[in-house]
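Examination of the molecular architecture
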Amino acid sequence: MTIGGVGSQQSVQVEQTPNIGGNAAIGNGLGGHQAQVGEAKGRGIGQMITNAFQSIGKTLSNFLAKIGQLFSPRQSIVTQMKGQFKNYLEENIKLTSTPKDKFVTDCTQDMVDAAPDREVLKGKLNNPDFSSEKFTGIEDHPSDPSKFITKFGENKLEFSNRSSSNGEFRSDNLKQKLGESKYENLAEMIGQSHMTKDDSLLCYATNLAVNMLHGDINSENMSPKDRVALRQEIATVPVGDTTVGEVMDLSRLES
């Protein structure tokens with residue numbers, strides 16, 4: 001037991017006196033510290049080099065971008081104004097355009113002035129008795145110059161003869177459609193004008209966009225040459241099933 005105690009004591013002493021091992025550990029600690037310092041120094045230098053190259057890269061990239069700007073053509077005032085006009089036109093059309101069936105019924109408000117007569121007309125829009133094949137002519141109203149009479153054989157209809165300022169479906173505009181179009185009924189005749197130069201809502205939206213553009217032109221003090229170029233560009237802009245130049249006269253953009 002005593003020997004065992006001594007052994008235990010020796011064992012304890014061995015465990016309690018690892019000074020040499022501790023010194024080795026200290027050495028490892030120093031070595032580890034040196035490695036860490038060396039790694040820290042290595043990382044610091046590497047990061048400095050990386051940062052330097054990144055800075056050079058950014059500077060070179062900025063320089064090349066500026067060179068590219070010098071040699072790339074600047075957007076002309078005409079191109080800018082055309083883009084602005086297209087934005088105006090798109091927004092105005094969103095506010096005013098309607099599906100074809102609604103367009104047809106809405107046009108009756110221009111074709112007939114009195115509300116009761118308008119309701120009668122709506123009931124005849126799909127009647128084949130009022131087709132281009134059965135159209136026989138137009139005559140003046142005997143007592144009211146604000147109206148005209150359209151004849152379809154024995155059948156007659158009265159329409160508004162008031163002047164049309166924005167392509168409304170009445171007066172000469174309506175007379176031309178009645179006499180020159182091919183249609184199975186009045187609804188088809190009216191629908192043929194949807195999103196064309198004869199669409200009053202499309203004309204209104206386009207006219208409003210042109211007026212807005214005209215204000216921009218004056219504020220920019222554009223040269224006469226640029227005004228002419230802009231008018232020519234605007235005339236080709238698609239709108240509905242036609243172009244802006246077909247919808248209206250753009251000469252005011254030059255003044």
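First, a word on scope: everything that follows refers to the structure included in this document.

The next subject is the overall build of the chain. Within the chain one finds 10 helices and five strands. Counting every position in the chain, which comprises 255 residues, the buried fraction comes to 29%. Just so you have it, the chain exposes about 16,100 Å², and 53% of that area is on carbon and sulfur atoms.

Next up on the list: the environment of leucine 186. Tracing the sequence through the fold places leucine 186 in helix 7 (residues 186-191). For leucine 186, a relative accessible area of 0% corresponds to the buried category. With near-sequence residues (within four places) excluded, leucine 186 lies in contact with Leu121, Lys124, Leu125, Phe130, Phe152, Leu157 and Leu178.

Examined against the element boundaries, isoleucine 93 turns out to sit in helix 3 (residues 77-96). Separated by 147 residues in sequence, isoleucine 93 and glycine 240 place their C-alpha atoms 8.9 Å apart. Sequence-distant contacts of isoleucine 93, defined by excluding residues within four places in its chain, comprise Leu202, Ala205 and Val239.

In this fold, asparagine 92 is placed in helix 3. Looking at asparagine 92, the relative accessible area reads 8%, which means it is buried. Within the local environment of asparagine 92, its side chain forms a polar contact with the backbone oxygen of alanine 205, the two atoms lying 3.5 Å apart. Look past the residues within four positions of asparagine 92 in its chain and what remains in contact with it is Ala205, Leu208, Ala209 and Met212.

Here we come to the side chain of threonine 96. Mapping threonine 96 onto the fold places it in helix 3. On the basis of relative accessible area, threonine 96 is assigned to the buried category, the value being 17%. Within the structure, threonine 96 has its side chain in polar contact with the backbone oxygen of asparagine 92 (distance 3.0 Å). If we skip the residues at most four places from it in the chain, threonine 96 touches Leu201, Tyr204 and Ala205.

Okay, the sheet that holds strand 2 (residues 147-152) next. Pairing is antiparallel across the open sheet formed by three strands, whose spatial order is 1-2-3. Each of the sheet's edge strands pairs with one partner strand only, and the pair in question is strand 1 (137-140) and strand 3 (155-160). Shown here is a sheet whose adjacent strand axes are inclined to one another by a mean of 30 degrees, direction ignored. Strand direction decides the pairing type here: strand 2 and strand 3, joined by six bridges, are antiparallel.

About the criteria used
Residues numbered from 1 in each chain as written. Predicted model: local features only at pLDDT ≥ 70, side-chain atom pairs only at ≥ 80, totals over all residues. Heavy atoms only, no water. Helix = DSSP H or I, 4+ residues; strand = E, 2+ residues; numbered from the N terminus. Buried < 20%, exposed > 50% of the residue type's maximum accessible area, 1.4 Å probe, protein only. Areas by Shrake-Rupley, 256 points an atom, 1.4 Å probe, with all protein chains shown as cover. Contact = heavy atoms within 4.5 Å. Polar contact = N/O pair within 3.5 Å; in protein donor to acceptor, adjacent residues only side chain to side chain. Pairing = 2+ DSSP bridges. Axes fitted to C-alpha atoms, helices over the stretch in contact; angles between N-to-C directions.

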